[in-house]
Amino acid sequence: MSKSKINQTKYILVLVVIFGILTSLRLLWAVYHAPAEQPLAQNGLMDLRGYDLTEDQTIVLDGEWSFYPDKLVDPGEIDKTIGNPSQNAKDASHQFGTYHLTILVDEHSVADEVYSIRIPSTSTASALFINGHLKGESGVVATDIDRHQGKGNPYVVSFFAKKNKIDIVLHVSNFDTSQGIAINKSIKFGTHDAIAKEQHFTDILMAGIVITLLLYSIYSLLIYLFIHRANILLFFAFGFLLPGIDELITYNSASMGWLPLNYEWSFKFKELVYLGAALFLIQIMEVLLPNFQQYKRFWWFNLFYGLCAIAIIVFPLNTLIQVNVAFFILYIISFLSVVSLALKEYFQYKDESFFIAIVVTSTTSGIVWGLIKVVSGMEIPFYPFDYLFAFLGFAFFWFRRFYRQNRRVVELVDELKRADLLKDEFLTSSAKKLWNPLNKMTTIAQTLQNQDSLTPKEKNNLEHLINIGRSMSFTLNDLLDFTRLNENMIQVHPKSINIHAVIFGVFDLLHYLADGKQIKLTSTVPTDFPHVVADESRLIQIFFNLLENAIKYTECGNVRVHAKVLNDLAIICIEDTGIGMDEKTQENVMSAYGRGIEDDEGLGLGLNVSKKLIELHGGSLQIQSELRKGTKFIFTLPLAPGQNGIDGEINRQHHDISTEKKDSDEEQQCSTNKNHILVVDDDPSNLKVIAEIFPPEQYQVITETRGTEALKLLHVVEWDLIIIDVMMPYMSGYELTKLIRARYSLTELPILLLTSRNDTADVNIGLSSGANDYVAKPINWLELKSRSIALIDLKKSISEKQYMESAWLQAQIRPHFLFNTLNTIASLSTLDTDRMVNLLSEFGNYLHSSFKEDNLNRVIPLEEELELVKSYLYIESERFGDRLQVKWEIDENIIVEVPPLSIQTLVENAVLHGVLKKGSTGTVCIQITRQEEFTKVAILDDGVGMNREQVSRILDDENRAGTGIGLLNTDKRLKRIFGKGLKIQSSPSWGTTVEFRIPHEGTSS
């Protein structure tokens, strides 16, 4: 037997076991509720004398009743009328008649006992008399059709016996159907407590089933209302009620008494409920079996059920009873069909299908026993376990499917989070990687732009290219900030800010966007507008993004910035006369990656980033726009506290500084030995702090708050350094730098910018404006001092050492080395400030050692030369990292003198032309050993090495230019001083050794 057949057999056995369990439970239920051995009525008499009527037991009044066909006998005349056994009542020709039964009970139990009788549903009207008194009725019993009113509902009556004989008379009439007046269900008798207890137990079970189905119905309705508007859910909300109503009218027909219906429409109502319950089973199975939803049989079932519903409503009662068997056949066929599909699903797919199989098995058990009840006429008590198993099957099915879908949702959410994280990482990585080629492109364009051979048109094109690069840099910044904002990685450092200065600084950044457009950038924000509390760098970014957006979508007209104060808030408005936006576009542009127009080349992040940054500051951003009329961006920022006090302090500080400057005019005329620094910043507190970090014994610091005034001071003294804040009112730091560069070159007057935004785009704008270096805010005063000293030393070294051309030729100091070192310092400023400071210090030592006047001497102490070498190797190690390894092998207590810049030249040659050309990690070793007659200096490297021809060409006197001129000059100087020059040993791929000897006699003379 194949494995699939074995599995199929196993699955069938599982269902058989479930069906067997349900059947066993039903049999046990029936046995538990089966009445004990009871007497039967004979010839219209039931003798219960000596029979113990307990509170837990009822008596069925089965047996032979006296029957009076076609007569409604008066209870008082019943003894005078001759009756027949009740079997004659099965004759369907009788339309009315009287049943009579006498019950004898014990005399001692009569006095205080209350008895009850429960009349089942009859066909179709009945009236019950106890000891000659009418106790209950259903409908109106009559001898003719005109007075007859059919009802057929069950009812219970209670009474005192008063004597040991209970005389029961039951009038019955049926003019509604052709089924006669036979009573096919048992009439129950017992004490009041026994009847009530039995009915109460059934009612509790029934209520539990009905409430459960009602909850399913409410649950479906809530899903429809609040989660998913699918019509099938409305059908389920109604459909779950139908099985409950079905059971309710089957086991408790008294509930039909609540409806104002006659017998015919009560019967039709029951048939419609049965039909709807069967259709609901078909529909719910169609939903639960998605693999079979395309089967045409479901369509046919729906059609037939619809026709049956019409037939129930239209057909008369007797015709409906006759065709009722057709409905029953439809129920059986449709049920067997969905059962087969459910089992097929179960055998093929398992998993949740197992629970569907449980539902189908439970329903099958209920239907089978219902058929047994109808066919055999058995009195089966209400049995809840079929429903219980079906409910559990449904519950487990939904829970299982919910768990699977929820797990899938969790997996999808995790995938989305991972994808979102990967997207952010990709965007961040891409932004960082794009910066490098972007900077190279911008740098190349700036280099080409400075060439005199270019035509004005070509220069304009390059300027446009540079501006595009700047715009792209800001876009990349927004991309990085968007990722950081989503990860809550951005912190703001608020302080009191003058927005007037920020606005004009951003105008300078964005003038290139307005070129070629008829746009006027204006600001009506006064200089004395109250300060706001904001992070200056982020405030610049906010203004840049909003103004860029305004300029971008405005071809002509105005872009205006104005502001007002309301409730301790600065309300700032950026207004343009551009294309405007509709409401949908306004919502879209504020979302991530939202664009104002479909073919927008931007990423759609600027406004979203600005909104989040404004909210980080405690403000809000709103858009007011109208198509073809323009847009207003209105945002709020908190005002700085104590504005009056701050203004007074600023005025006082400005006055003090101005007074100090005037008082020091005479002093600065004679302080020619000091380094002169001009600091331009609109914040007096910054001016005061910057002035104090430079020792007055070495530096003369003059401060100014306006760029226009700073320009007037340029001719007063030869400045060694100018420090300028980027964001200033009236004239920004960029504009002031350009004006100074029109008079002085980079080497003639160094400029250091103070910027709040430490990103590539802003730094690029500053450097392209003519600045030598920059320091980002918040200012690290040690960094500012170190960079300032380095620029001052560089300026003085270049200006004061023009006459050291010979030393330059000897050492072949490369300008690229200087600029590369400065670039390394600039890079470290954003990565590791401590390393940057150390590198600045070593760079200063290197410059000092390279250009000092002692280098014009014939020889210098070995210690001074080694200090230069160490500074150089430290700088190159910072630049190239692990690619360069250095070993020092120097004997102790060596006191000799060497030609200046001799060892440094050899070491630089080993690094540049030996190790770094190797392409992998290399080592340079500096050996200085003391011999008996001389001290040997050797520079060893394991670089690319040279062949004999290359070695001979290096020291050839005809090698006047190109690689090796530094070694040639060093070789000549050594020969002039010591009589012997360089000794070179080299082999390709093995490395090179360059050495020279210092005679002890020669160095001592």
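Per an unreviewed UniProt entry, the chain goes by the name histidine kinase and belongs to Sporosarcina soli. UniProt annotates the chain under Catalytic activity (unreviewed entry) with the comment "ATP + protein L-histidine = ADP + protein N-phospho-L-histidine."

A. Representation of the pattern of salt bridges in the model. Applying the stated rule across the entire model yields 18 salt bridges. A salt bridge links glutamate 198 to lysine 188; the nearest nitrogen and oxygen atoms lie 3.0 Å apart. One end of the pair, glutamate 198, is in helix α2 (residues 192-226); the other, lysine 188, is in strand β11 (residues 188-191), with 10 residues separating them in the sequence. Accessibility expressed as a relative area gives 31% for glutamate 198, which makes it partly exposed.

B. Examining a nonpolar patch on the surface more closely. Side chains of Ile211, Leu214, Leu215, Ile218, Leu221, Leu222, Leu225, Phe226, Ile227, Leu234, Phe238 and Leu241 sit close together on the surface and give an oily, nonpolar patch of about 1100 Å² of accessible area. Elements with a minimum of two residues in the nonpolar patch: α2 and α3 (231-239). Counting residues per element, the nonpolar patch draws most heavily on α2, at 8 residues. By secondary structure assignment, the location of leucine 215 is in helix α2.

C. Expanded view of the pairing of strand β20 (residues 699-704). Counted residue by residue, β20 has 6 buried out of 6 residues, so it is predominantly covered. Of the two faces of β20, the one carrying Tyr699, Val701 and Thr703 and the one carrying Gln700, Ile702 and Glu704 are both buried.

D. Spatial organisation of the packing of aromatic side chains. In this structure the tally under the stated criterion is 10 aromatic pairs. Between tyrosine 115 and phenylalanine 189 the ring centres are 5.4 Å apart and the planes differ by 15 degrees, which places this aromatic pair in the stacked class. Taken together, the residues tyrosine 115 in strand β6 (residues 114-119) and phenylalanine 189 in strand β11 connect sequence positions 74 residues apart. Chaining the aromatic ring pairs together yields one cluster made of Trp65, Phe67 and Tyr99. Positioned over the ring face of tryptophan 265 is lysine 268, at 4.5 Å from the centre of the ring. Sitting over the face of the ring of tryptophan 888, lysine 870 holds its NZ or CZ atom 5.7 Å from the ring centroid.

What counts as what
Residues numbered from 1 in each chain as written. Predicted model: local features only at pLDDT ≥ 70, side-chain atom pairs only at ≥ 80, totals over all residues. Heavy atoms only, no water. UniProt positions renumbered as here; feature names shortened; annotations may be inferred. Salt bridge = Lys/Arg side-chain N within 4 Å of Asp/Glu carboxyl O. Helix = DSSP H or I, 4+ residues; strand = E, 2+ residues; numbered from the N terminus. Buried < 20%, exposed > 50% of the residue type's maximum accessible area, 1.4 Å probe, protein only. Patch = residues over 30% accessible without salt bridge, like charges linked within 9 Å, V, L, I, M, F, W, Y side chains within 5 Å. Areas by Shrake-Rupley, 256 points an atom, 1.4 Å probe, with all protein chains shown as cover. Phe/Tyr/Trp six-rings, centres within 6.5 Å; stacked < 30°, edge-to-face > 60°. Lys NZ or Arg CZ within 6 Å of the ring centre and 35° of its normal.

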